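Remarks on the overall topology
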Amino acid sequence: MQKSSTTSKILLDFDPEAANLLPALKKINVAFRYISEVDAEKVAEYFELPLAKVYETASFYDLLETKKPAILEIEVCSGGDCTLGESAGIIKEIENRYRIKTGDEFNPKVRLKKISCLGRCSEGPIMIVNGKVYEKMTASGVHKILGEWG
Amino acid sequence: MRNPKIITEHWGKIDPLKIEDYLNVGGYAALKKFIAKMDPQKALDEVKISGLSGKGGAGFLTGAKWEIVAKQKGEKYFICNLDESEPGTYKDRLIAENNPQILLEGIILAALTVGAKKSYIYLNGNFEKAREILERAIEQAKENKFLGSKILGSKYLLEIEIFSGAGAYICGEETALINSIEGNRGEPKIRPPYPTEAGLFGKPTVVNNAETIANVPWIIQNGGGRYSECATKLFVLGGAVKKRGVAEAPIGTTMKKAIEELGGGMQRGKDFWFAQVGGAAGRLYLEKELDAPITGSGAILVVDKTANLYDLLLSWTGFFRRESCGKCVPCREGTFRLNEIVERLADGEISDRDKEAMLDILWTLENTTFCPLGKFAATAVRDAVDKLGVVSTNYE
Amino acid sequence: MKIIINNKKYTAKVGETIFQVCMRSGIKIPTLCGAKYFHEGLCRVCVVESGGRLITSCNTKVAKDMEIVTESEKISKARRINLELLWADHAGKCATCKKNRMCNLQKLAEEYKIENFHFVPRKGEMTNSEEQKLLRDNWSRVVVENENPCISRNSEFCVECRRCVSVCPEHKFGFNHRAGDVVVGTAYEKVLDCSFCGKCVEVCPVASLTDQNDYAKIIEDLDDLKRFSVAVVDLGTPEKIKEQLKNITPEQNLEKIFLELGFEKIINLGEKEQNREDEIIENIKTDYARKEKIDPKNIRTFFVSSKIYKKAKKSEYLDYVLSEREVARLVRDKGKMVAGKIKR
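First, a word on scope: everything that follows refers to the structure included in this document.

Regarding the environment of B:His10
Looking at the secondary structure, you find B:His10 in the segment before helix H1 (19-24). Note: C-alpha distance between B:His10 and B:Ala64 (54 residues apart in sequence) is 29 Å.

Side note on helix H14 (residues 329-346) of chain B
Between its first and last C-alpha atoms H14(B) spans 25 Å; for 18 residues at 1.5 Å apiece the expected length is 26 Å, and the two agree. Once H14(B) finishes, B:Gly348 follows within two positions and takes phi at roughly 75 degrees, a positive value.

Section: the interface of chain B and chain A
Tallying the contact residues gives 40 residues for chain B and 31 residues for chain A. Of the roughly 2900 Å² buried where chain B meets chain A, counting both sides, 55% is carbon and sulfur surface. Our count for the contact surface shared by chain B and chain A stands at 1 salt bridge. The closest approach of N and O atoms between A:Asp81 and B:Arg244, which form a salt bridge, is 2.9 Å. Along the contact surface separating chain B from chain A lie 19 residue pairs in polar contact (both at pLDDT 80 or more). At the level of secondary structure, the elements contributing two or more residues to the side of chain B that touches chain A comprise strand E3 (159-164), helix H8 (174-181), strand E5 (232-239), strand E9 (299-304) and helix H13 (309-323) of chain B. Considering every element that reaches the side of chain B that touches chain A, the biggest residue donor is H13(B), with 6 residues.

Some details on the pattern of salt bridges
Scanning the model with the defined rule gives 62 salt bridges over all chains in all. The network of salt bridges with common partners includes C:Asp234, C:Glu277, C:Asp278, C:Lys307 and C:Lys310.

Topic: the pairing of strand E3 (residues 47-50) of chain C
All names here are of chain C. Strand direction decides the pairing type here: E3 and strand E4 (residues 53-56), joined by 4 bridges, are antiparallel. Among the inter-strand pairings, Ser50 is bridged to a residue of E4, identified as Arg53. Hairpin connection between E3 and E4: a loop of 2 residues separates the two successive antiparallel strands, and Gly51 in this loop has a positive phi of roughly 60 degrees.

Quick look at unusual backbone geometry
It is generally the case that most residues other than glycine have a negative phi and that most peptide bonds are trans. Residue B:Pro192 is reached from B:Arg191 by a cis peptide bond, and omega for that bond is -5 degrees. By secondary structure assignment, the location of B:Pro192 is in the loop between H8 and strand E4 (205-209). A cis amide bond links B:Pro192 with the next residue in sequence, B:Pro193, at an omega value of 0 degrees. One non-glycine residue with positive phi stands out, namely B:Lys145, at about 65 degrees. With respect to the element layout, B:Lys145 can be found in the loop between helix H7 (128-143) and E3. One non-glycine residue, C:Asn275, lies in the positive phi region at around 65 degrees.

Topic: the packing of H13(B) against helix H16 (residues 373-386) of chain B
All names here are of chain B. At a closest axis distance of 10 Å, the pairing of H13 and H16 adopts a crossing angle of 165 degrees. Classed by the angle they form, the pair H13 and H16 counts as roughly antiparallel. Two packed elements cross with a definite hand, and for H13 against H16 that hand is left-handed. For the pair H13 and H16, the contacting residues are Leu313, Trp316, Thr317, Phe320 and Glu323 in the first and Leu373, Phe376, Ala377, Ala380, Val381 and Ala384 in the second. Looking at the contact of H13 with H16 residue by residue, the class counts come to 9 nonpolar, 1 polar and 1 charged.

Calculation criteria
Residues numbered from 1 in each chain as written. Chains lettered and ligands numbered in written order. Predicted model: local features only at pLDDT ≥ 70, side-chain atom pairs only at ≥ 80, totals over all residues. Heavy atoms only, no water. Helix = DSSP H or I, 4+ residues; strand = E, 2+ residues; numbered from the N terminus. Expected span 1.5 Å × (residues − 1). Contact = heavy atoms within 4.5 Å. Buried area = accessible area lost by both parts, 1.4 Å probe. Salt bridge = Lys/Arg side-chain N within 4 Å of Asp/Glu carboxyl O. Polar contact = N/O pair within 3.5 Å; in protein donor to acceptor, adjacent residues only side chain to side chain. Pairing = 2+ DSSP bridges. Axes fitted to C-alpha atoms, helices over the stretch in contact; angles between N-to-C directions. Parallel < 35°, antiparallel > 145°, perpendicular 65-115°, else oblique. Left-handed = near helix turned anticlockwise from the far one by under 90°. Nonpolar A, V, L, I, M, F, W, Y, C, P; charged D, E, K, R; others polar.

In structure tokens form, the structure reads like this:
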């Protein structure tokens, strides 16, 4: 109940105009880590758009999630510069640590994604854990950081 | 002063959070000059004379773009493209983070010149720091009457809004960017009509790259003629060079010079193999080709001989396999299959049929896709095939 | 204005697309995503050549003195590769497909001789883990939904042409996700809930959206000699059936076709009976049964109509609703049924 009232509150910050759809979705995503079906329905109603349209837009963007995220969401940059660094080795290390494959969505505890360049190449390789950015990563340094996340 | 630093002059010397610092080094003199002594037509003429062209990669003449929109009446928009999601490129982000006011001054001059009363900065959704700095900068510009109604007491008015993207490479393409602001999937639109005719919300719209815009104050202040003699470009050096980062150098700088002088040469003990110029969509250049000037967005990734080419191929093809908008068949299916074939290639199990398929996919990406992203997706792999012999039997 | 197509002069109107001019002039251009009213330029199959460049004919407007070539080596290559890319996700499933011989993609694949596809390795060439990965990739986003009463959905066959997205008056479908993960479907993969006007099924070029039915039971009832099957054929539907049958049989006599399928009685609704089908159908198991002394339990009523929303309104009086597509499918499978190849 509390959650639904917050979503409605978030929506009230925006005029129901086309240019506000993406900002509103982003704000909801930041608040709840993803955009649930119930929230998407509220957005659709508020902006007077078909639900399919809201979902179509939401599912397009990397920074919007339409599925409930895992407890631990790990992202590793796979841009050219990070690749020349050690990002391929970092990915292997993480895959082995949790016995998961990059891109699999089945594990509710941990997920690993390759992401596109964030333009932080001179500080790369870049790893992001639940939104927190780690710079100049090494394959061997992965375990210490992930250990802190439990 | 043959080659001034037009954009990076004050980086690190002024506080990006203080408009006073920018004003103290002569900031907003161009806007004051525009208001006091010029009109939109005069400003447009200067930009046309300057030969300023798009710095995002496409290189379209800025003055020509502006003229189309300036001629039209009614509601118009000016959009600063700061999506910058080409891998290996972060010059625009650094402009916003180091000197946001030069960008705002450029936007204001551009918007007033084309007659737009509303402007958006389409900012990459990952650039949190740049967002905070720009928000603050806009507030301060308003307080100083550079923005809002009656700019510097004149009849001009302008509102700038930051529109933060949500993570999609394709939104750097101007029609996709417009779709994104309109609350749609960030897919390219069919042209014609071009954004300059029917852009954001169907109104005439100019979309310019942030670096392009940051040149405008200098042009207005010093004249288009002088700019045309000393124009510069921001280059982003990455990979196996000593100094990785952004540097400003004259337009026409060769790759060789950029690597040696801007990048400080190769890192110790590393031998040059090839350079990729222009991000994941960039072409590959061998040592003998480095005397050519740098084109495109200005990102240079220097690859040394110890690099694993398969990792890079996976990086490029994986990138486009994720970032294709999915709208047209050759790009959606082609990038997917290309990545799949490269994965097999990396495992050392490529069959003749895979090689044939790879060439077919490259061909259809180059020739039949809806928007230029298809061509981009093929570029680096095509060069890896042609120049590095990546699928030929004698490749090791 | 004048334009030149394949070295011949044609007259074109301002605002027309190249595709429209060609169609009007009897020049065939294949297309997959385009349908009557929308041309999105997504499938890249309708490409033609202009000044050495490939352009999509469906959404490129004609210009004065434009020179167009509609068949060339380059064009064939583009069509072949793009079709093959789509085909790679489909191949091997035609034999058991609902839309077999009624499928646009299959037709084009035959026309452009796409038999083996080289984007996916053959089974023998794959290692176990690769095979698993491939299966997983290809299946991870497949959405199959048979829970609504009228429309059967299976995204496995989808060619992402967006016809359903464009045609749906209730905006139930979206072009979801991105790149190779694109799925055309409902928001959050919900069960389709709409007024079931059937427009999407009508425009779907493949078997992604089809009529929901209990096919085995229909065949069983039609073949059962104890059952008395009555077809009530809606106004306008015979023409639609004939259109569907074009690729399947030369036979044009619908009366004969229905009798061969196992119907005992056919009632054609005329102008006067329009929208009175409920009343007429109810009459079959009541008045008509009494008059003819047939046990209503042995009567099976079929409403043959494009109004597939009627599938949700089956009752004791109405057993089945068949669209023109399903009639064609029955005709197509009739031969196989006789030979015992289709399970009853």
